[in-house]
Amino acid sequence: MKLLLISDTHGRREELEALLKRYAGEVRMVCHMGDHADDLLKFQPAYPTLQMATVAGNCDYGMNAPRELILTVADKRILMIHGHQLGVKQGLQRLAYYAREKGVDACFFGHTHQPAMFTAGSVFVMNPGSLTEPRGRSHASYGLVEISAEGEIKGEIICTQTGG
C-alpha cells in the first residue's frame, strides 16, 4: 500500500492539486500533517475513492480536525501529528519518545517545513517537509511511503521544482 504525505501547504493548493492528479491512481491514501490541512479536504469530492487523513496544525484555527490521529493502515499503526505540541523545531527526541510510547509502527509529522526521515527504535518517522513554503536549505517537498505485503515500511522524500 502506498501513501502520499504532505504538510504545511498554507492555503496554496496549486501544487497539491498537481500532486493529486499525478498520484491518484498510484496511492491509496493522502495524509496532511497540518497547517491548512483543509487544503486537502477541498479536493475530496474530486477524488472520492482516495482516502484522506488530516490533523490540525498550529495555524489551523477553528478547523474541526484532531490534533493527532492514530490510523491502522495495512495492519500498521501510524501516528499523525503536526509536531508543534512536542517542540519539533527544537529537536526530535520528544517526538520519537512519544511515538514509541504510543506503540506505533510509524509517525508522520510536519511543522518544521523541512523534510526528515529516520528510524527511532522500531518506529519509522517522516516529515515530508513543506510542499509550498520550504525553510532552511530545504526545497519544496512531499513524501511517499510504501507498506509492503510483508509489513516493511519504506519512505522517500521527493523535492519539487515548485513552491517556496
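Sequence order as written defines residue numbering, which begins from 1 separately in each chain. With the structure being a predicted model, the display of local features is reserved for residues of pLDDT at least 70 and the display and counting of side-chain atom pairs for 80 or more, all residues being used for whole-chain, interface and lining totals. Excluded from the side-chain calculation are hydrogens and water; included are all heavy atoms of the structure.

Caption draft 1: Here's a closer look at the overall build of the chain. In terms of regular secondary structure, the chain is built from three helices and ten strands. Numbering goes from the N terminus for both helices and strands, where a helix is a DSSP run of H or I of at least four residues and a strand is a run of E of at least two. When the helices and strands of the chain are placed in sequence order, the string is β-α-β-α-β-β-β-α-β-β-β-β-β. Between the two quantities, the radius of gyration covers C-alpha atoms and the globule rule is 2.2 Å times the number of residues to the power 0.38. In terms of overall size, the chain behaves like a compact globule, its C-alpha atoms giving a radius of gyration of 14 Å where 164 residues would be expected to give roughly 15 Å. Partly exposed residues are those whose accessible area sits between 20% and 50% of the maximum for their type, while under 20% is buried and over 50% is exposed, using a 1.4 Å probe and protein chains only. Across the 164 residues of the chain, 52% fall into the buried class. For the chain, the share of sequence-separated contacts (at least 6 apart) that also reach a separation of at least 24 residues comes to 53%. Contact between two residues is taken to exist if any of their heavy atoms lie within 4.5 Å; hydrogens are not considered.

Caption draft 2: A look at helix H1 (residues 14-23). Of the positions making up H1, those classed as buried are Glu-15, Leu-16, Leu-19, Leu-20 and Tyr-23. The buried side chains of H1 occupy one side of the element, clustering within an arc of 135° when seen end-on. Turned more than 90 degrees off the buried face of H1, the exposed positions are Glu-14, Lys-21 and Arg-22. Residues of H1 that are buried sit in contact with strand S1 (2-6), strand S2 (29-32), helix H2 (38-41), strand S9 (141-147) and strand S10 (153-159). For this quantity, the arc is that covered by the directions from the helix axis to the C-beta atoms.

Caption draft 3: Region of interest: the packing of aromatic side chains. Working definition: rings of Phe, Tyr and Trp (its six-membered ring) pair if their centres are within 6.5 Å, and the pair is stacked with planes under 30 degrees apart, edge-to-face with planes over 60 apart, and tilted otherwise. Applying the stated criterion to the full structure yields one aromatic pair. Relative to Tyr-142, the ring of Tyr-23 lies with its centre 5.7 Å away and its plane at 65°, an arrangement referred to as edge-to-face. Pair noted here: Tyr-23 is in helix H1 and Tyr-142 is in strand S9, with a separation of 119 residues, a long-range link. Considered together, Tyr-23 and Tyr-142 belong to a single accessibility category, that of buried residues.

Caption draft 4: Fine view of unusual backbone geometry. Here His-111, not a glycine, exhibits a phi torsion of approximately 80°, which is positive. With respect to the helices and strands, the residue His-111 is situated in the loop between strand S6 (106-108) and strand S7 (116-120). In this structure His-111 comes out as buried when scored by relative accessible area, which is 10%. The backbone phi angle of His-113 is positive, close to 65°, even though this residue is not glycine. Summarising the element assignment, His-113 is placed in the loop between S6 and S7. Looking at His-113, the relative accessible area reads 1%, which means it is buried.

Caption draft 5: Focus on the sheet that holds strand S5 (residues 76-81). Following DSSP output, two strands are said to pair if at least two bridges run between them. The strand order across the open sheet formed by five strands is S4-S5-S6-S8-S7, and the pairing between neighbours is mixed. The open sheet terminates on both sides in strands that have one partner only, identified here as strand S4 (68-73) and S7. Neighbour-to-neighbour, the strand axes of the sheet open up by a mean angle of 20°, direction not taken into account. Pairing of S6 with strand S8 (residues 123-127) involves three bridges; the strand directions are parallel. By the bridge assignment, Phe-108 is partnered in S8 with Met-126. Lying over the sheet, helix H3 (residues 93-102) contacts S4, S5, S6, S7 and S8, oriented at roughly 140° with respect to S5. To define axes, lines are fitted to C-alpha atoms, for helices over the stretch in contact only, and angles between the resulting N-to-C directions are given on a 0 to 180 degree scale.

Caption draft 6: Quick look at the environment of His-84. Structurally, His-84 can be placed in the loop between S5 and H3. Sequence separation between His-84 and Asn-127 is 43 residues, and the spatial gap between their C-alpha atoms is 12 Å. Discounting chain neighbours no more than four positions away, the residues touching His-84 are Ala-56, Gly-57, Asn-58, Arg-67 and His-111. Under this definition, polar contacts are N or O atom pairs within 3.5 Å; protein pairs additionally need one hydrogen-donor-capable and one acceptor-capable atom, and for neighbouring residues in sequence, both atoms have to be side-chain atoms. Looking at His-84, its side chain comes within polar contact range of the side chain of Gln-85, at 3.3 Å.

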